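Geometric and topological summary
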Amino acid sequence: MNIRSKLDFLKERLPENVKIVAVSKFHSAGCITEAYQAGLRIFGESRTQELIAKRKVLPDDIEWHFIGPLQTNKVKYIAPFVHTIQSVDSLKLLQEIDKQAAKQSRIIQILLEIRIGKEENKHGFIPKECKMMLANENIIDNYPNVRITGLMGIATFTENSEQIQKEFRALHAFFMDLKSSFFEDRTYFTELSMGMTGDYEIAINEGSTMVRIGSFIFGDRI
Ligand SMILES: *Cc1c(COP(=O)(O)O)cnc(C)c1O
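These numbers were taken from a predicted model, which means no experiment stands behind them.

On inspection of all chains with the given rule, the structure shows four aromatic pairs. Relative to Trp-64, the ring of Phe-43 lies with its centre 6.1 Å away and its plane at 45 degrees, an arrangement referred to as tilted. Taken together, the residues span a long stretch of sequence, with Phe-43 in strand β2 (residues 42-45) and Trp-64 in strand β3 (residues 63-66) at a distance of 21 residues. On the basis of relative accessible area, Trp-64 is assigned to the buried category, the value being 3%. Residues Phe-175 and Phe-189 carry aromatic rings whose centres are separated by 4.9 Å and whose planes lie at 10 degrees to one another, so their mutual orientation is stacked. Linking Phe-175 in helix α8 (residues 161-182) with Phe-189 in the loop between α8 and β7 (191-193), this pair joins segments that are 14 residues apart in sequence. Cluster of aromatic residues (ring-pair linked, three or more members): Phe-175, Phe-183 and Phe-189. One residue, Arg-41, lies across the ring of Tyr-36, its end atom 3.5 Å from the ring centre.

Here you go:
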């Protein structure tokens with residue numbers, strides 16, 4: 001199947017409001033071009049060097065999402081152009097993004113990454129920590145160059161679809177909770193980024209608005 005037919009396959013299965021973030025990490029600019037020509041505009045990368053190199057040679061209207069662990073000292077390299085940073089898992093990182101976005105006179109969209117999976121090494125805020133931060137830091141007013149547009153989560157890597165469903169359901173509930181507690185008048189708080197190649201169908205049933213699909217579109221990563 002070429003990328004275009006894979007995309008048609010995906011679109012048939014996704015509700016219209018669900019965005020596809022094509023996760024292109026480890027794949028060449030040539031592969032991205034093929035996906036771009038098939039109509040995709042949102043691409044996800046997880047390493048700053050790789051993102052910067054690809055961005056230089058690819059069309060300007062691509063919406064780049066950063067989806068991997070991000071060190072604060074690397075933020076400045078992507079701040080001039082990144083559209084959304086999906087993997088914000090600390091106040092320190094959020095503050096640095098605000099600072100670098102301000103230097104560029106930009107507003108960078110961010111998603112707060114919430115730890116929903118069982119793996120110990122998973123990144124993300126514990127829901128309670130995240131709520132405490134929102135309650136204590138007055139983030140919405142104090143950091144005007146970031147805009148929190150929603151949440152991101154990665155489910156446990158498992159064959160157990162009930163477990164995955166439980167985790168996505170919990171993330172959706174947490175999203176609704178934050179929306180009513182902190183973002184009631186903020187119409188931009190809309191995104192729930194959950195679901196990858198192996199679990200996107202479960203994710204959309206649980207209210208995902210954004211799926212991050214890599215291997216299905218581009219094949220296995222080497
Ligand atoms: C790599 C990655 C994906 C894509 O995974 P696939 O299983 O290849 O679809 C999605 N989200 C994050 C955060 C990733 O790092």
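It is worth spelling out the pattern of salt bridges at this point. This model, assessed by the stated rule, comprises nine salt bridges. Note that Glu-12 and Arg-13 form a salt bridge whose closest N and O atoms lie 4.0 Å from each other. Judged by its relative accessible area of 33%, Arg-13 falls in the partly exposed class. Note that Glu-96 is salt-bridged to Lys-99, the shortest N-O span being 3.9 Å.

With that out of the way, let us pick up the side chain of Thr-156. As for its placement among the helices and strands, Thr-156 is situated in the loop between β6 (146-153) and α8. A polar side-chain atom of Thr-156 sits 2.5 Å from a polar atom in the side chain of Glu-167. Thr-156 has contacts with Gly-117, Lys-118, Glu-119, Lys-122, Gln-163, Ile-164 and Glu-167, leaving out every residue within four places of it along the chain.

Here we take up the site of the ligand. Every residue close to the ligand is listed here: Val-23, Lys-25, Ile-67, Ile-154, Met-196, Thr-197, Arg-212, Ile-213, Gly-214, Ser-215 and Arg-221. Gly-214 is positioned with one of its backbone polar atoms (N or O) 2.8 Å from an oxygen atom of the ligand. Ser-215 is positioned with one of its side-chain polar atoms (N or O) 2.5 Å from an oxygen atom of the ligand. With the chains in place, 89% of the 390 Å² that the ligand exposes on its own is no longer accessible. Looking at the shell around the ligand residue by residue, the classes come out as five nonpolar, three polar and three charged.

What helix α3 (residues 48-57) keeps buried is the set Thr-48, Glu-50, Leu-51, Ile-52 and Lys-54. Of the surrounding secondary structure, the elements contacted by the buried residues of α3 are α2 (29-37), β2, β3 and α4 (75-78).

Conventions we followed
Residues numbered from 1 in each chain as written. Predicted model: local features only at pLDDT ≥ 70, side-chain atom pairs only at ≥ 80, totals over all residues. Heavy atoms only, no water. Phe/Tyr/Trp six-rings, centres within 6.5 Å; stacked < 30°, edge-to-face > 60°. Helix = DSSP H or I, 4+ residues; strand = E, 2+ residues; numbered from the N terminus. Buried < 20%, exposed > 50% of the residue type's maximum accessible area, 1.4 Å probe, protein only. Lys NZ or Arg CZ within 6 Å of the ring centre and 35° of its normal. Salt bridge = Lys/Arg side-chain N within 4 Å of Asp/Glu carboxyl O. Polar contact = N/O pair within 3.5 Å; in protein donor to acceptor, adjacent residues only side chain to side chain. Contact = heavy atoms within 4.5 Å. Near = heavy atom within 4 Å. Areas by Shrake-Rupley, 256 points an atom, 1.4 Å probe, with all protein chains shown as cover. Nonpolar A, V, L, I, M, F, W, Y, C, P; charged D, E, K, R; others polar.

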